[in-house]
Each structure stands twice: as structure tokens, then as C-alpha cells.
Amino acid sequence: MMFIDPHTHMISRTTDDYEAMAAAGVVAVIEPAFWIGQPRTNVGSYIDYLSHIVGFERFRAGQFGIRHYCTIGLNSKEANNEALAEEVMEILPRFALKEGVVAIGEIGYDEQSDLEDKYFRLQLELAKELDLPVMIHTPHRDKKRGTSRSMDVCEEHGLPPSKVVIDHNNEETVQETLERGFWAAFSIYPSTKMGNARMVEILRQYGAERIIVDSACDWGISEPLGVAKTAKLALERGIPEEQVRLACYQNALDAYGQSGQIKEDDWLNPPAIDQRTLYEGNSILRGGREPKIEEAKIKRSMDELIIE
Ligand SMILES: [Zn+2]
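These notes cover the structure that comes with them. Note that this is a predicted model, so its numbers are computed, not measured.

Topic: the overall build of the protein
Point 1. A count of helices and strands for the protein gives eleven helices and eight strands.
Point 2. Whereas a compact globule of 308 residues would reach a radius of gyration of roughly 19 Å, the protein reaches 18 Å, a difference of no more than 12%.
Point 3. Taken along its principal axes, the extent of the C-alpha atoms in the protein is 55 × 50 × 30 Å.
Point 4. Classification of the 308 residues of the protein by burial places 56% in the buried group.
Point 5. Counting only contacts in the protein whose residues sit at least 6 apart along the sequence, the fraction spanning at least 24 positions is 75%.
Point 6. Put simply, the protein shows about 13200 Å² of open surface, and 48% of that area lies on carbon and sulfur atoms.
Point 7. Looking at charge distribution, the protein has the averaged site of its 34 positive side-chain charges lying 3 Å from that of its 51 negative ones.

Quick look at the structure:
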């Protein structure tokens, strides 16, 4: 079975993760622009970061057999630095139009401040203007209200729900997200957002229409095999294979495929891996390493299936 993980921060992950994901069946990942764990001090670091996720990271993933896409946006935390936010808004359009950019995101609310609201709305307008889907990050605190409000604002700006993915849903928010016609994504993120046994119960209760599973793996304690493990657990626990395929593959492709920048042919007929390939003069090889793909020892394994 093939999987797409439509929310991964691969710049924080190692090549072991790419190898383990590919071995578990992940064919493509989407890397949303996000908060790097400390505030950026100027627009230059934003420019380098966005160049990295549309450039070198896409190349690096390809060298390990995974197709890489990204979303472009100003995250909600940094929307609270108005001087920076203004400058970032200026540069977003030129990154949003690059190859492999499948949405504006992840945008939305963190503390639900006025500045977050301002830049969320401006970026919804940008998505409309560029005719791109939107990936919404919903807040950890006051999630239910923040999720409803995110959808209200999308509607106010005239975005069709079919072009908006509401991420980080849970049992409290899923029903409203689905009833209002949005895509409902779930991040299988240990300890905080969702475990995969809970995810299986959501699939049992709601089916898989417009439901998307992702790992949101990043620099925190997270699980790049979140999608593959959830799929395996769901099958083991009796969820029909077609529903698993929708939630762990097809729905993400349909939602982000509306950008015209991600299609099945990308991984069904991929370019051959040649680790001698250079990206702006540099390869992924370090210190005279032999340029080949070995059956590398997988450091992460699929043996421990439950994520709590
Ligand atoms: Zn994220």
C-alpha cells in the first residue's frame, strides 16, 4: 500500500527517517512552512528557510526515494511580530508560485491574537488570488473555539471548504469540520495531539470521506511513521482497506492535487536515484561516501505499532 504523509517538517529529520518512511510505503511528503522553535529575527532567515524547503529538502528527499512538496506561509506565532510579518508578506507570493508548492500554509491561530487574525486573513486572500489550497493549523489551546473560528474566517473570505484542509483535529472538532464540508486532517503526534488507536476509532465512527492522516513530525518528540503505523493498525482492527487508502493516501492527493503541483505520476514514474547528483554544487554525500543506495539498516522500525 502507498502512503502520503501530508504534514512533515523534514528539515528537522534525519536520513534514517526518510529511509524508514520509504520502507514503510510512504511515497510522498508535504512540508508546511512553520515555526522553527525560536523566533526568526529578520526576513533574511525567512527567505533562506523557504528556499531550503522548496529547494535542497526537495532534492534530499528525492535522493532517498521520496517525493517532497511544501506549503508556503507565515506561521501564526511569527504573525505576532508585526515588523517581520509585514516583510514576510512581501516575499510570500514569489515562493508560493514555485514548483512543488501545493498550498498556502500552515496558517491560522496560535493564541488567537489580533495580529494572528490580520495575517491569517491576508494569507487567505493570497491563496484566493493564486488559486491555491490552504492548510490550516488549529491552536493547541482553546482548540474547539479556534477551529470553529478558523472555518468562520475562511467562509467570510469566500474560500470553498473543498480547498481548505483543517489540520490537528481531534474527537472534539471532527464532526463540525466534516459537517461544514472542510477536509479534516489529524496529526498522529505522540502525547499531545492524537494517538493512532484513537484515530482508528474516528475512522470507525465517521468513515474516511474527507479525512486525512498525517504525522506532523518535526523537531519535537514525533513519529515519522505515523501514517504508515496508523494504516497498519486500522487494517488490523478491521477498518476496510478502501477507507485506509482514502485517509492515508488518496484524500491528501485530492485535496492538495487542486494546486496542480502534486500528481501520482511523480512517484509512479520517478527519476532514478543517483546520489552523485548535485544541488547547487552539493550532493547529499558527506566525506567521500560511496554514492549508492544500500539496503540501509532501518533504525526506526514498524515493530512498535501503537502511538500514544
Ligand atoms: Zn506543522
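Having seen the model, we can carry on.
Re the sheet that holds strand β3 (residues 67-72)
Point 1. The strand order across the open sheet formed by eight strands is β1-β2-β3-β4-β5-β6-β7-β8, and the pairing between neighbours is parallel. Single-partner strands in this sheet number two, and they are β1 (3-5) and β8 (211-214). Strand-to-strand twist of the sheet, defined as the mean angle between neighbouring strand axes without regard to direction, takes the value 25°.
Point 2. The pairing of strand β6 (residues 164-167) with strand β7 (residues 183-187) spans two bridges and is classified as parallel.

Details of the layout of surface pockets
Point 1. What the largest pocket holds in volume is close to 440 Å³.
Point 2. The wall of the largest pocket is formed by 20 residues, among which Trp-35, His-137, His-140, Lys-193 and Asp-218 lie closest to the centre.

Side note on the pattern of salt bridges
Point 1. Enumeration according to the criterion identifies 24 salt bridges in this entry.
Point 2. Asp-142 is the salt-bridge partner of Arg-145, the closest N and O atoms lying 2.7 Å from each other.
Point 3. Residue classification places Asp-142 among the partly exposed positions, given a relative accessible area of 42%.
Point 4. A salt bridge links Arg-198 to Glu-171; the shortest N-O distance between them is 2.8 Å. Placement of Arg-198 in helix α8 (residues 196-206) and of Glu-171 in the loop between β6 and α7 (174-179) is noted, with a sequence separation of 27 residues between them.
Point 5. Taking relative accessible area as the criterion, Glu-171 reaches 39% and is therefore assigned partly exposed.
Point 6. Where salt bridges share partners, they join Lys-144, Asp-152, Glu-155, Glu-176 and Arg-180 into one cluster.

Concerning the packing of helix α2 (residues 43-54) against helix α3 (residues 56-63)
Point 1. Here α2 crosses α3 at 25°, and the two axes come no closer than 3 Å. By the angle between their axes, α2 is roughly parallel relative to α3. Residues Ser-51, His-52, Ile-53 and Val-54 of α2 pack against Phe-56, Glu-57 and Arg-58 of α3.

A word on the coordination of the zinc ion
Point 1. Only His-7 (NE2), His-9 (NE2) and Glu-106 (OE) from the protein coordinate the zinc ion, and they sit 2.1 to 2.2 Å from it.
Point 2. Sequence positions of the residues that donate to the zinc ion give the spacing H-x1-H-x96-E. The pair formed by His-7 and His-9 is uniform in burial state, with each residue classed as buried.

A closer look at the side chain of Ser-187
Point 1. By the secondary structure assignment, Ser-187 is in strand β7.
Point 2. On the basis of relative accessible area, Ser-187 is assigned to the buried category, the value being 0%.
Point 3. Engagement of the side chain of Ser-187 in a polar contact is seen with the side chain of Asp-167, the distance being 3.3 Å.
Point 4. Other than its neighbours up to four places away in sequence, Ser-187 contacts Asp-167, His-168, Lys-193, Met-194, Asp-214 and Ala-216.

Side note on the packing of helix α5 (residues 114-130) against helix α6 (residues 143-156)
Point 1. At a minimum axis distance of 10 Å, the contact between α5 and α6 shows a crossing angle of 45°. Our classification of the angle between α5 and α6 gives oblique. Here α5 and α6 pass one another in a crossing that is right-handed. For the pair α5 and α6, contact is made by Asp-117, Phe-120, Arg-121 and Leu-124 and by Arg-149, Ser-150, Val-153, Cys-154 and Glu-156, respectively.

What about the environment of Thr-277?
Point 1. Here Thr-277 shows up in the segment after α11 (265-268).
Point 2. Judged by relative accessible area, which is 32%, Thr-277 ranks as partly exposed.
Point 3. Distance from Thr-277 to Phe-59, taken between C-alpha atoms, is 9.2 Å for residues 218 residues apart in sequence.
Point 4. Those residues in contact with Thr-277, other than ones at most four positions away along the chain, are Phe-59, Gln-63, Asn-282 and Ser-283.
Point 5. A distance of 2.4 Å separates a polar side-chain atom of Thr-277 from the backbone oxygen of Asp-274.

Overview of the state of the cysteines
Point 1. According to the stated counting rule, one finds zero disulfides in the structure shown.
Point 2. Cys-70 supplies the cysteine sulfur nearest to Cys-154, a cysteine that is in no disulfide, at a spacing of 20 Å.
Point 3. You can call Cys-154 buried: its relative accessible area is 0%.
Point 4. Among the cysteines around Cys-217, which has no disulfide bond, Cys-248 carries the closest sulfur, lying 14 Å off.

Cut-offs used in this document
Throughout this document, residue positions are counted from 1 along each chain, in the order its sequence is written. Totals for whole chains, interfaces and linings use all residues, but because this is a predicted model, local features are given only for residues with pLDDT of at least 70 and pairs of side-chain atoms are given and counted only at 80 or more. To obtain the side-chain values, all non-hydrogen atoms of the structure were used and water was disregarded. Only runs of H or I of at least four residues qualify as helices and only runs of E of at least two qualify as strands under DSSP, and these elements are numbered from the N terminus. Throughout, radius of gyration means the C-alpha value; the globule benchmark is 2.2 Å times the number of residues raised to the power 0.38. Burial classes: relative accessible area under 20% of the type maximum marks a residue as buried, over 50% as exposed, and values in between as partly exposed (1.4 Å probe, protein chains only). Residue contacts follow a heavy-atom distance rule, with two residues in contact if any of their heavy atoms lie within 4.5 Å. In these tables, accessible area is a Shrake-Rupley quantity obtained with a 1.4 Å probe, and a residue counts as shielded only by the protein chains included in the view. Positive charges are assigned to Lys and Arg, negative charges to Asp and Glu, while His and the chain termini are left out of the count. Taken as the charge centre is NZ of Lys, CZ of Arg, CG of Asp or CD of Glu, depending on the residue. Strand pairing is assigned whenever DSSP identifies at least 2 bridges connecting the two strands. Throughout, an axis means a line fitted to C-alpha atoms (over the contacting stretch in the case of helices), and angles, computed between N-to-C directions, take values from 0 to 180 degrees. A cavity here means a set of 1 Å grid points, computed over protein atoms only, where a 1.4 Å probe fits but cannot escape. A pocket is an open set with protein on both sides within 12 Å along at least 5 of 7 lines, and lining residues have an atom within 4 Å of a point. Grid points are joined across faces, edges and corners, and a volume is the space filled by probe spheres set on the points. Take a side-chain nitrogen of Lys or Arg and a carboxyl oxygen of Asp or Glu: if they are within 4 Å of each other, that pair is a salt bridge. Reported orientations rely on four angle classes, namely roughly parallel under 35 degrees, roughly antiparallel over 145, roughly perpendicular from 65 to 115, and oblique for the rest. Each metal site lists N, O and S donors within 2.8 Å (3.2 Å for Na, K and Ca). With water left out of the atoms, a site can look as if it is missing ligands. Polar contacts here mean pairs of N or O atoms no more than 3.5 Å apart (in protein, one a potential hydrogen donor and the other a potential acceptor; neighbouring residues in sequence count only if both atoms are side-chain atoms). Here a crossing is taken to be left-handed if its near helix is turned anticlockwise relative to the far helix by less than a right angle, and right-handed if that turn runs clockwise. By convention in this document, the label disulfide applies to cysteine sulfur atom pairs within 2.5 Å.

Keep in mind these values describe shape, not function.
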